[in-house]
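For reference, the chains in residue letters:
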Amino acid sequence: MAEARQIAIDVRDAVKRYGDFTALKRISLSIHDNEFFTLLGPSGCGKTTLLRMIAGFEDVTEGGIFLYGKEIEDLPPNRRPVNTVFQNYALFPHMTVLENVMFPLEMLGKGREARARAGEMLELVQLSQFANRKPNQLSGGQQQRVALARALAPQPKVLLLDEPLSALDLKLRKAMQIELKHIQRETGITFIFVTHDQEEALTMSDRIAVMSAGELQQLGTPGEIYEYPRNMFVADFIGETNLLEVSVDAFAEGRAVCHLGGGHEMKVDAVEGIGVGSKVHLSVRPERLFLTDEKIDPDALHATVLENVFVGTNIMTIVDLDDGPNFTIRAANSDRGNARVFPEGSPVFVNGDRGAARLLVD
Amino acid sequence: MAGGAATGASVTTDTYAEARTWLLLPAWAVLGFFVLAPVGMMLVYSFLTKEFRGGVIWEFSLAAYDQFFFDRGLFGDEAPKIEWTYINIFWRSIWQAGLATVMSLLIGFPTAYFIATRPEKVRPIWVFLITIPYWVNLLIRTVSMKFLLRDNGPLNEFLMSVGVVSEPIHIINTNFAVQLGLFYSYLPFMVLPVYASVERYNFTLSEAAADLYASKWTTLRRVLLPTVKPGVIAGCILVFVPSLGSFLAPDLLGGAKNFMIGSLIEEQFKGSAGNWPFGAAAAMILLSMVLVILMVFARQQAKSGKEAG
Ligand SMILES: Nc1ncnc2c1ncn2[C@@H]1O[C@H](COP(=O)(O)OP(=O)(O)OP(=O)(O)O)[C@@H](O)[C@H]1O
Ligand SMILES: [Mg+2]
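Predicted, not measured: the structure shown is a model, and the values here were computed from it. (Residues numbered from 1 in each chain as written. Chains lettered and ligands numbered in written order. Predicted model: local features only at pLDDT ≥ 70, side-chain atom pairs only at ≥ 80, totals over all residues. Heavy atoms only, no water.)

1. With respect to the overall build of chain B
Piece 1. The number of helices and strands found in chain B is 13 helices and four strands.
Piece 2. Against the globule reference of 19 Å for 309 residues, chain B gives a C-alpha radius of gyration of 25 Å, more extended than a compact globule.
Piece 3. Counting only C-alpha atoms, chain B reaches 75 × 70 × 35 Å along its principal axes.
Piece 4. Expressed as a percentage of the 309 residues in chain B, the buried residues total 35%.
Piece 5. Within chain B, counting contacts between residues at least 6 apart in sequence, those at least 24 apart form 63% of the total. (Helix = DSSP H or I, 4+ residues; strand = E, 2+ residues; numbered from the N terminus. Rg over C-alpha atoms; globule rule 2.2 N^0.38 Å. Buried < 20%, exposed > 50% of the residue type's maximum accessible area, 1.4 Å probe, protein only. Contact = heavy atoms within 4.5 Å.)

Pasting the structure below:
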């Protein structure tokens, strides 16, 4: 289904250098029409740089950027049908909210319909009653929504959002996440959203590009990225995980038998490119493990409880495999299902779902 | 910590108010002694009778103002007509100071913008470079300018040697020379406040404007200029007001024909040919004009401030 869709932004072998520092190392990615696409990565990985290159504020050192098949390198920012929601909002302080939203429409020579259209946009972000205020008379969340309305007003083909929610408190942030997603569906505009918050990325995106140190680490749907991380960086950055160094001993029924140390073995779905004898990394999601006091599953691993940590919705249990590595297990704080708290020092068995553990290719 | 908190609590609002009164006393004293007293003296003198060898006779008279605005003939017995001589000098002064202000703005704004967009570390160096010429006394600077601009001076020699002109161009003793002199005298008063406000300008606003389809020119006009307006207005006032009352540049560069208010006033107090009450009256008229201009600006500032606030 995704294959059939038109490509809105195509970044081809894009390199960005500042002097002899390389901020982006040959990035290629295609963003589909109508997609909610997220650039996710830690601070300094080059997310803003890539966004600014698409907006036209930075030139591309090597490679190219295509908008619906057309190279846009030579177009200055004011000629690109792409709008940005800036991290610090960048609202014009001397104009009212309404004038701010009307600004791009006036620039496009649509002065006549500007007022009506700006009014509609303010309605969309539920700020109609603040139309005549100045930006400094609004709260952070309201300013954020004005910035959004202003960027959406000229109906850009692509909307770029650079950590637009980072200045908001948690509650407002969650509300805005839902609202943004809603607006994206309603308008059908392609969103490129930048964040360093993996949870935010997983909640909102159709697809995510995980970046680190100027390189693309993995590109996929939230499910793919979470369930099938390609490498240590992605597995570690997205969600929580137990990262183990293992060696692949054998294959049985399409599953790789991994040796964890201390005589413990775990069967994991085989992955192309990993053969017998390879020393590789294994990612085991804590929420897909559970503890029992009897060995029901023949593959369960024997361990001792080291510590229980209460984190509200969850209880994290750290166990020590006898002569092997430690594991963190997360159980819902609930009386239903397998959730049961074992006291420190008690012997337990560690069980996992079939997809609990993934071999990391690189 | 506890001691500090206790002290803090014992300082009441009253104590602060009292402390403020005492702390402001020196400022009020200086202001009273050096500003209000001289202005008051001028005001009084402008209503006195002139003494022929300079000085005043302590007798109330409106003669000075009358002389400024009305022409009653050589012997003072004709029907009063409007006296244009002084009004024209005032008008010319406003015009000259206005043009000097416009020139300072046209040159000063790009300069300030240039400095404000340099890397943070080198900005103070640029500001320093701008102010260096002003370490030299204004009189000396104006005299050197006269030397530079004269018919067979370095500027004309240079222009002729590169073949731009075949005859020396007359700059000295023209209105233009006066404007140039005023412009040069007060340029930093334009550059510095404009620089201060452009430096505080959030350049993301320009990026946002470009992103929202504004051209460079529109961005300047609709986003940058309105945002840095307070600095521009301050710069204009700081150039216009001293230019208006200036007498060095008009005297040295403009010659007798291009007389300005400053020179008119100066002359009334020089030697025995002067007329103190008349000079004082002219100064009072100048002062009132400046105050009116400042009040109009202040009114506007307050209005736009209220809109933004
Ligand atoms: N103008 C510049 N000159 C030199 N280096 C730069 C410049 N702009 C960015 N960089 C460098 O490029 C790298 C990527 O910066 P970028 O702003 O894209 O990071 P980011 O992923 O957006 O990080 P954050 O989450 O902190 O915003 C950083 O190491 C940064 O120091
Ligand atoms: Mg960034």
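2. Side note on the site of ligand 1
All names here are of chain A.
Piece 1. Inspection of the region around ligand 1 gives Tyr 18, Phe 21, Ala 23, Ser 43, Gly 44, Cys 45, Gly 46, Lys 47, Thr 48, Thr 49 and Glu 163 as its neighbouring residues.
Piece 2. One nitrogen or oxygen atom from the side chain of Ser 43 is found 2.5 Å from an oxygen atom belonging to ligand 1.
Piece 3. Measuring from an oxygen atom of ligand 1, one finds a side-chain N or O atom of Lys 47 at 2.8 Å.
Piece 4. Bound to the protein, ligand 1 loses 60% of the 640 Å² it would expose on its own.
Piece 5. Its residues assigned to classes, the shell around ligand 1 shows four nonpolar, five polar and two charged. (Near = heavy atom within 4 Å. Polar contact = N/O pair within 3.5 Å; in protein donor to acceptor, adjacent residues only side chain to side chain. Areas by Shrake-Rupley, 256 points an atom, 1.4 Å probe, with all protein chains shown as cover. Nonpolar A, V, L, I, M, F, W, Y, C, P; charged D, E, K, R; others polar.)

3. A look at the interface of chain A and chain B
Piece 1. With 30 residues of chain A at the interface, the matching set in chain B holds 20 residues.
Piece 2. Carbon and sulfur atoms make up 59% of the surface buried where chain A meets chain B, a total of about 2100 Å² over both sides.
Piece 3. Three residues, Asn 78, His 94 and Met 107 of chain A, lead the burial of chain A against chain B; their summed loss comes to 24% of the area buried on that side.
Piece 4. Here chain A is connected to chain B by two salt bridges.
Piece 5. Here chain A is connected to chain B by eight residue pairs in polar contact (both at pLDDT 80 or more).
Piece 6. Elements represented by at least two residues in the side of chain A that touches chain B include exactly α1 (47–55), β6 (82–85), α2 (97–107) and α4 (140–152) of chain A. (Buried area = accessible area lost by both parts, 1.4 Å probe. Salt bridge = Lys/Arg side-chain N within 4 Å of Asp/Glu carboxyl O.)

4. Topic: the UniProt feature "transmembrane region" (unreviewed entry) in chain B
All names here are of chain B.
Piece 1. The positions UniProt marks with the feature "transmembrane region" (unreviewed entry) are residues 25–48, 94–116, 122–140, 231–249 and 276–297.
Piece 2. Helix makes up 100% of residues 94–116 and strand makes up 0%, while its end C-alpha atoms are separated by 31 Å.
Piece 3. Across residues 122–140 one finds 63% helix and 0% strand; the C-alpha atoms that close the span lie 29 Å apart. (UniProt positions renumbered as here; feature names shortened; annotations may be inferred.)

5. Looking at the sheet that holds strand β10 (residues 215–220) of chain A
All names here are of chain A.
Piece 1. Read from one edge to the other, the open sheet built from six strands follows the order β6-β7-β8-β3-β9-β10, with strand pairing classed as mixed. Either end of the sheet is taken by a strand with one partner, and the two such strands are β6 and β10. Averaged over neighbouring strand pairs, the angle between their axes works out to 20° when direction is ignored.
Piece 2. Bridge analysis of strand β3 (residues 36–40) against strand β8 (residues 190–195) gives five bridges, and the strand direction is parallel. The partner of Leu 40 across the bridge, within β8, is Thr 195. (Pairing = 2+ DSSP bridges. Axes fitted to C-alpha atoms, helices over the stretch in contact; angles between N-to-C directions.)

6. Quick look at the pairing of strand β19 (residues 347–352) of chain A
All names here are of chain A.
Piece 1. Relative to β19, strand β15 (residues 289–292) runs antiparallel, the two being bridged by four bridges. The residue bridging Leu 291 from the neighbouring strand is Val 350, located in β19.
Piece 2. Taken together, the four bridges between strand β16 (residues 301–310) and β19 define a ladder with antiparallel strand orientation. From the neighbouring strand, Ala 303 faces β19, where its bridge partner is Val 348.

7. Description of helix α8 (residues 175–200) of chain B
Piece 1. An ideal rise of 1.5 Å per residue puts 38 Å on 26 residues; α8 of chain B measures up with 37 Å between its terminal C-alpha atoms.
Piece 2. At Tyr 186 of chain B, α8 of chain B shows its maximal bend, which comes to roughly 50°, and the proline Pro 188 of chain B appears one to four places after that position. (Expected span 1.5 Å × (residues − 1). Bend = angle between axes of the 7 residues up to and from the residue.)

8. Digging into the packing of helix α4 (residues 84–116) of chain B against helix α5 (residues 123–131) of chain B
All names here are of chain B.
Piece 1. α5 packs onto α4 with a crossing angle of 150° between their chain directions and a minimal axis gap of 9 Å. The pairing of α4 with α5 is recorded here as roughly antiparallel in orientation. Facing Thr 111, Phe 114, Ile 115 and Ala 116 of α4, the residues of α5 in contact are Arg 123, Trp 126, Val 127 and Ile 130.
Piece 2. When grouped by side-chain class, the residues that make up the contact of α4 with α5 number six nonpolar, one polar and one charged. (Parallel < 35°, antiparallel > 145°, perpendicular 65-115°, else oblique.)

9. Examining the UniProt feature "domain: ABC transporter" (unreviewed entry) in chain A
Piece 1. Residues given the UniProt feature "domain: ABC transporter" (unreviewed entry) here are residues 9–238 of chain A.
Piece 2. In the segment residues 9–238 of chain A, helix accounts for 37% and strand for 27%; the C-alpha atoms at its two ends are 25 Å apart.

10. Thoughts on the pairing of β8 of chain A
Residue and element names in this part refer to chain A.
Piece 1. Burial within β8 is extensive, with six of its six residues counted as buried.
Piece 2. Residue alternation in β8 divides its side chains into two sets, Thr 190, Ile 192 and Val 194 and Phe 191, Phe 193 and Thr 195, and both sets are buried.
Piece 3. Relative to β8, strand β7 (residues 158–162) runs parallel, the two being bridged by five bridges. Each bridged residue has a counterpart across the sheet, and for Leu 159 the counterpart in β8 is Phe 191.
Piece 4. With helix α5 (residues 170–187) bridging β7 and its parallel neighbour β8, the resulting β-α-β unit is right-handed. (Right-handed = clockwise from strand over helix to strand, strands pointing away.)

11. What about the side chain of Ser 283 of chain A?
Residue and element names in this part refer to chain A.
Piece 1. Along the chain, Ser 283 turns up in strand β14 (residues 279–284).
Piece 2. Only 2.6 Å separates the side chain of Ser 283 from the side chain of Thr 241, close enough to count as a polar contact.
Piece 3. Once residues within four sequence positions are removed from consideration, Ser 283 is found in contact with Pro 229, Ala 235, Thr 241, Asn 242, Leu 243, Ala 356, Ala 357, Arg 358 and Leu 360.

12. Quick look at the side chain of Ser 263 of chain B
Residues and elements named next belong to chain B.
Piece 1. Examined against the element boundaries, Ser 263 turns out to sit in helix α12 (residues 261–268).
Piece 2. Note on Ser 263: relative accessible area 1%, which makes it buried.
Piece 3. Setting aside residues no more than four positions away along its own chain, Ser 263 makes contact with Ser 246, Phe 247, Pro 250 and Asp 251.

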